[in-house]
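# Descriptive analysis of the structure
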Amino acid sequence: MSLPEPAAERPARGRRVVILGGGMAGTRLAAQLAGAGAGAGVRVTVVGEEPHAPYNRVLLADVLAGHYAPDVVRLPDLPAAPAVRVLRGVRAVRVDRAARRVECDDGRAVPYDVLVLATGAWPVLPPLRGLFDDDGDDAGGAGVALPAGVHAFRTMDDCLALAAATAPGAAAVVVGGGLLGVSAARALARRGARVVLAQQGERLMERHLDPAAAGLLRTYLEELGVEVHTECRVRGVRTRPAAPGNGSDGVRWAGRVRGVTPDPVVPDPGRAPRPSARRAPGGGSAAGTPGPAARSACGAGSGDGSEAPVDTARAAASHAAGATTRSVTGVELADGYVLDARLVVLACGVRPRVGLARAAGLDVGAGVVVDDELRTSDPAVHAIGDCAEHAGVLYGLAAPALEQADVLARVLTGAGPREPRYAGTRALTRLTLPAAERPLDLAAFGETEPAPGDDVVHLADATRRVYRKVVVRADRLVGGILLGDLGAVGTLARAWEGDEPLPAGAPLHHLLTDHLGGS
């Protein structure tokens, strides 16, 4: 196949820029290009699958909790101009690099001079026993229906469906104790549900928090009424035939179950469950049959790999593929116990959406491989956000996605005094868990577990629920955890992000005290 001459070697003035993805990264890039395009003649087209206006995905848990209405988290509208076109509810199905056009599911073809992949990531649906009702053939391309009551938590539609399904006193199980799982559990508890949080790892948010900080977070959640279980595995879900009229509550997904090489999984990092005060010993048989498919709830699975985690392509409303005929009744644990559940949230991480890039012949590793100009192996195609892999790193966070969008806008317009390059992002993880009396704030960055020879400074105040920890290597701050009081987070984050030497001779405990704006 012969391709046209590279079109991305010069700024995008007077050219057609097509952005696949209307999320935070794609919208940020479109806004910047639209602003620069007023005098440069840049024509921007955004192709987005979701029918909603773009929104801040970081705040979805607050929408679920009822703190914000959906409109509050909506991102600013793009400029209303002839040079800006937004296609909502439209899915790109093929990239024709030879003809430089994108083919969409509604039959239209969108030509481009510069293409930007901002396709984001799928939520991971683990291969739990009884989770999928494969009603198609055995070729692995069949549609799969999730039982009514089982939800992913990635999009506004997921959030609204969860909110509609959550009633006071409803039994809910959240599978996965990472950042997303913790946020979902708190939100469901806020809505009055009886929540069990099931985590396969040793502690909550194990990629971000050390045992002491995770213990404080667990205590906080338990005081909110969330029942937390760690070091346990989910084996499957139990279901029963849906009551008449309930089938429409189910969500149907287009996916692949058998014989498929899975996309790489980026853990949330949630994992699975164990004993619970509200569970009964397992009796009877769970849906499905025992075997290699009964794997850990929130990983890519163990075993021979013949059964891949399922891509959550689109809801049945988009595919008209029918509704599920099953409703969830419980979550079965590996030790045989069963948690009562009328609502199950799968918070098991995400997988970069690389299908379009792979089918188009672009270089794909864990994500779509890009260089320092966010350019793929085709000079006319760039990638940003959750689908992009830069220098071997998949970020999966909002801050790096927005920074990549900013850099790419300068690359495409030639703006700025120097040649723009993306050098990676030092991402700070923050979470605020509101409560009736006092919210719990936490922040984590860098390497929170010390290597041999590192200096570690702790500050803990159990009565005020304050925990601070920094890790120092030689003369540089390499990581830290702040929980309960974030007064020093700004100064610490700047010291870490700048990677500058710490002041010579200054006692390290000053990093955690009023000297740097803490309390």
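Cut-off values and rules
- Residues numbered from 1 in each chain as written.
- Predicted model: local features only at pLDDT ≥ 70, side-chain atom pairs only at ≥ 80, totals over all residues.
- Heavy atoms only, no water.
- Phe/Tyr/Trp six-rings, centres within 6.5 Å; stacked < 30°, edge-to-face > 60°.
- Helix = DSSP H or I, 4+ residues; strand = E, 2+ residues; numbered from the N terminus.
- Buried < 20%, exposed > 50% of the residue type's maximum accessible area, 1.4 Å probe, protein only.
- Lys NZ or Arg CZ within 6 Å of the ring centre and 35° of its normal.
- Pairing = 2+ DSSP bridges.
- Axes fitted to C-alpha atoms, helices over the stretch in contact; angles between N-to-C directions.
- Contact = heavy atoms within 4.5 Å.
- pLDDT = per-residue confidence, 0-100.
- Salt bridge = Lys/Arg side-chain N within 4 Å of Asp/Glu carboxyl O.
- Core = buried A, V, L, I, M, F, W, Y, C linked by side-chain atoms within 4.5 Å.
- Arc of directions from axis to C-beta.
- Polar contact = N/O pair within 3.5 Å; in protein donor to acceptor, adjacent residues only side chain to side chain.
- Expected span 1.5 Å × (residues − 1).

Under the defined criterion, the tally for this structure stands at 2 aromatic pairs. On the basis of an interplanar angle of 80° and a centroid distance of 6.5 Å, the ring pair of Tyr395 and Tyr422 is categorised as edge-to-face. Of this pair, Tyr395 sits in the loop between strand S25 (388–390) and helix H8 (398–413) while Tyr422 is found in the loop between H8 and strand S26 (429–433), placing the two residues 27 residues apart along the sequence. Exposure remark for Tyr422: the relative accessible area of 0% places this residue in the buried category. Look at Phe445 and Trp496: their rings are 5.1 Å apart centre to centre, the planes differ by 45°, and that puts the pair in the tilted class. Of the two residues, Phe445 is situated in strand S27 (residues 440–446) and Trp496 in helix H9 (residues 489–498); the sequence distance between them amounts to 51 residues. Assessed through its relative accessible area of 2%, Phe445 is described here as buried. Taking relative accessible area as the criterion, Trp496 reaches 6% and is therefore assigned buried. It is Arg353 that lies over the ring of Trp122; its NZ or CZ is 3.7 Å from the centre.

This part covers the sheet that holds S27. The strand order S26-S27-S30-S29-S28 describes an open sheet built from 5 strands, whose pairing is antiparallel. Because the sheet does not close on itself, it has two edges, and the strands there are S26 and strand S28 (455–461). Neighbour-to-neighbour, the strand axes of the sheet open up by a mean angle of 10°, direction not taken into account. Relative to strand S29 (residues 466–473), S28 runs antiparallel, the two being bridged by 7 bridges. Counted as the bridge partner of Val457 is Val470 from S29. Set on the sheet, H9 makes contact with S26, S27, S29 and strand S30 (476–483); between it and S30 the angle comes to about 150°.

Below, the discussion takes up the environment of Arg426. Within the fold, Arg426 resides in the loop between H8 and S26. Classification of Arg426 as partly exposed rests on a relative accessible area of 36%. As for Arg426 and Pro400, which are separated by 26 residues in sequence, their C-alpha atoms are 7.9 Å apart. Not counting the four nearest positions on each side in its chain, Arg426 is found in contact with Trp496, Glu497 and Asp499.

To continue, consider the confidence of the model for the protein. Mean pLDDT over the protein works out to 81, with 76% of the residues at or above the 70 mark. Note that pLDDT drops below 50 for residues 135–143; the model gives that stretch 17 contacts with residues more than four away or on any other chain. The low-confidence segment residues 514–519, where pLDDT is below 50, has 17 contacts with residues more than four positions distant or belonging to other chains.

Within this structure, the stated rule accounts for 28 salt bridges. One salt bridge connects Arg203 with Glu449, and the closest N-O pair in it is separated by 3.8 Å. Of this pair, Arg203 sits in the loop between strand S13 (194–198) and helix H5 (211–223) while Glu449 sits in the loop between S27 and S28; the two residues are 246 residues apart in sequence, bridging distant segments of the chain. On the basis of relative accessible area, Arg203 is assigned to the buried category, the value being 18%. Measuring nitrogen to oxygen at the nearest pair gives 2.5 Å for the salt bridge that ties Glu373 to Arg375. Residue Glu373 shares its accessibility class with Arg375, and that shared class is buried. One salt-bridge network, in which partners are shared between bridges, spans Asp371, Glu373, Arg375, Glu419 and Arg421.

What follows concerns the nonpolar core. Counting residues in each nonpolar core, the largest one holds 50 residues, and the members touching the most others are Ile19, Leu20 and Leu117. No other element matches H8, which puts 7 residues into this core. The residues contacting Ile19, other than those within four sequence positions of it, are Gly26, Leu29, Ala30, Leu33, Val44, Thr45, Val46, Val47, Val116 and Ala118.

This part covers the sheet that holds strand S12 (residues 171–175). Ordered by their spatial adjacency, 5 strands build an open sheet running S11-S21-S12-S13-S14, and the pairing between neighbours is parallel. In this open sheet, the two edge strands, each paired with only one partner strand, are strand S11 (150–152) and strand S14 (227–229). Here the strands of the sheet are splayed against their neighbours by 20° on average, with no regard to which way each runs. With 3 bridges joining them, S13 and S14 adopt parallel strand pairing. Paired with Val196 across the strands is Glu227, a residue of S14. Along the sheet, helix H3 (residues 156–165) makes contact with S11 and strand S21 (343–346), crossing S11 at roughly 150°. Relative to the sheet, helix H4 (residues 179–190) contacts S12, S13 and S21, its axis offset from that of S13 by approximately 170°.

Turning our attention to H3. Residues of H3 that are buried: Met156, Asp158, Cys159, Leu162 and Ala163. Projected onto a plane normal to the axis of H3, the buried residues spread over an arc of 160° and lie on a single side. Residue Thr155 occupies the N-cap position of H3, its side-chain oxygen lying 3.4 Å from the main-chain nitrogen of Asp157.

Structurally, Ala391 is set in the loop between S25 and H8. Assessed through its relative accessible area of 67%, Ala391 is described here as exposed. Separated by 20 residues in sequence, Ala391 and Asp371 have C-alpha atoms that sit 7.3 Å apart.

Helix length check: H5 (13 residues) gives 18 Å between terminal C-alpha atoms against 18 Å at 1.5 Å per residue, within 8%. Buried residues of H5: Ala213, Ala214, Leu217, Tyr220 and Leu221, and no others. For H5, the arc enclosing every buried residue in end-on projection is 120°, short of the 170-degree limit, so these residues lie on one face. Counted as exposed and oriented over 90 degrees from the buried face of H5: Pro211 and Glu223. Looking one or two residues beyond H5, the residue adopting positive phi is Gly225, at roughly 100°.

Quick look at the side chain of His151 now. Relative to the helices and strands, His151 resides in strand S11. Among residues more than four places away in sequence, those in contact with His151 are Ala161, Leu162, Ala165, Leu343, Val344, Val345 and Leu346.

Quick look at the side chain of Arg97 now. Relative to the elements of secondary structure, Arg97 occurs in the loop between strand S4 (92–96) and strand S5 (101–104). Looking at Arg97, its side chain comes within polar contact range of the side chain of Asp378, at 2.9 Å.

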